[in-house]
Amino acid sequence: MTDRHSIDFLAKSPADRPPESQSALVCSASERYGTDGIDRCFDLAGCCATQPSYFTTRSRINFALERWLSPAELSDRLAELPAHFTSPQPRRWQRVDWNAIGPEQIVGVDPEFFLHIVRASAEVEAPIRAYSQISWHQLARLHPEMARYMGGTHDSSGRLIEPGLWEKEERQHAPAFKRIYRQLCGRDPHLVPNTILLPPTFATVDASYCHAISRIATE
Ligand SMILES: [Fe+2]
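Residues numbered from 1 in each chain as written. Predicted model: local features only at pLDDT ≥ 70, side-chain atom pairs only at ≥ 80, totals over all residues.

1. With respect to the nonpolar core
General note: in soluble globular proteins, nonpolar side chains tend to be found buried as a group.
Working step 1: Ranked by size, the top nonpolar core spans nine residues in total: Val-118, Ala-122, Ala-126, Ile-128, Tyr-131, Ala-174, Phe-177, Ile-180 and Tyr-181.
Working step 2: At the level of secondary structure, the elements contributing two or more residues to this core comprise helix H6 (111–124), helix H7 (128–139) and helix H10 (173–185).
Working step 3: Looking at which element gives the most residues to this core, the answer is H10, with four residues.
Working step 4: Discounting residues that sit within four places of it in the chain, Ile-128 has contacts with Glu-167, Glu-170, Arg-171 and Ala-174.
Working step 5: The next biggest cluster of nonpolar side chains, apart from the first, holds seven residues, and it includes Trp-136, Leu-139, Met-146 and Tyr-149. (Core = buried A, V, L, I, M, F, W, Y, C linked by C-beta atoms within 7 Å. Buried ≥ 20, exposed ≤ 12 C-beta atoms within 10 Å, placed from the backbone. Helix = DSSP H or I, 4+ residues; strand = E, 2+ residues; numbered from the N terminus. Contact = placed C-beta atoms within 7 Å.)

What follows is the structure, encoded as structure tokens:
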């Protein structure tokens, strides 16, 4: 079983990295820094074990939940949302080392089942343009700023001029899931088209509310 000391140290934020003496619990200095000095034992889920087990994976999940889904983190995102209505600022992704993803990292779950989850996640993300335009229709009258954030700006004939900030972020997700899938099994996923019909009219308040709830549930 993973010892208590190890769990405590994994619960720290990446900004508060442990000294090498503690990181040696899961990786050696040469494994951690390689020959180029790049720290490869930490990512967004904390410390990467060189030999993943149920417990190290569990610790990484706990770390990610506590760090990225904390009330402080989410409140911060919510507080800055109005600023994106007037001045949309895309978030930059941290560099992803896609080649470091491999099937040996699937731990404690049937690999085929995990691949199925990744493929389904990619399908949910596409086609993102249709999704974003549905949100625009649902929100345009109730909350024009949020509609623009989700579905972009349109000219007087309803033609999309500039995609919304939400779409610009979201359109990166399906390719990311596809890349993960390819890394895990060496082939591209077969995605079933997820076509959505646009509503012919603007939504009522009740329909907008249901739409918002369904979007939150999907996330
Ligand atoms: Fe997404």
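2. Here we look at H10
Working step 1: Spanning 13 residues, H10 covers 19 Å between terminal C-alpha atoms, matching the ideal 18 Å at 1.5 Å per step.
Working step 2: On its buried side, H10 packs onto H6 and H7.
Working step 3: Residue Gly-186 follows H10 closely and has a positive phi angle near 80°. (Expected span 1.5 Å × (residues − 1).)

3. What about the packing of H7 against helix H11 (residues 205–218)?
Working step 1: Where H7 contacts H11, the axes come no closer than 9 Å and their chain directions differ by 145°. Handedness of the crossing formed by H7 with H11: left-handed. Contacts from Ser-135, Gln-138 and Leu-139 in H7 reach Ala-207, Ser-208 and His-211 in H11. (Axes fitted to C-alpha atoms, helices over the stretch in contact; angles between N-to-C directions. Left-handed = near helix turned anticlockwise from the far one by under 90°.)

4. Focus: H11
Working step 1: Between its first and last C-alpha atoms H11 spans 20 Å; for 14 residues at 1.5 Å apiece the expected length is 20 Å, and the two agree.
Working step 2: For H11, a buried count of one out of 14 residues is recorded, marking the element as mostly open to its surroundings.

5. With respect to the confidence of the model for the protein chain
When pLDDT is low, close inspection of the predicted coordinates is not appropriate.
Working step 1: Per-residue confidence for the protein chain averages 80 on the pLDDT scale, and 79% of its residues sit at or above 70.
Working step 2: Per-residue pLDDT stays below 50 along residues 1–25; that stretch engages in 25 contacts with residues further than four places along the chain or on separate chains. (pLDDT = per-residue confidence, 0-100.)

6. What to know about unusual backbone geometry
Working step 1: Note the cis peptide between Ala-126 and Pro-127, where omega equals -5°.
Working step 2: Looking at where Pro-127 falls in the secondary structure, it is placed in the loop between H6 and H7.

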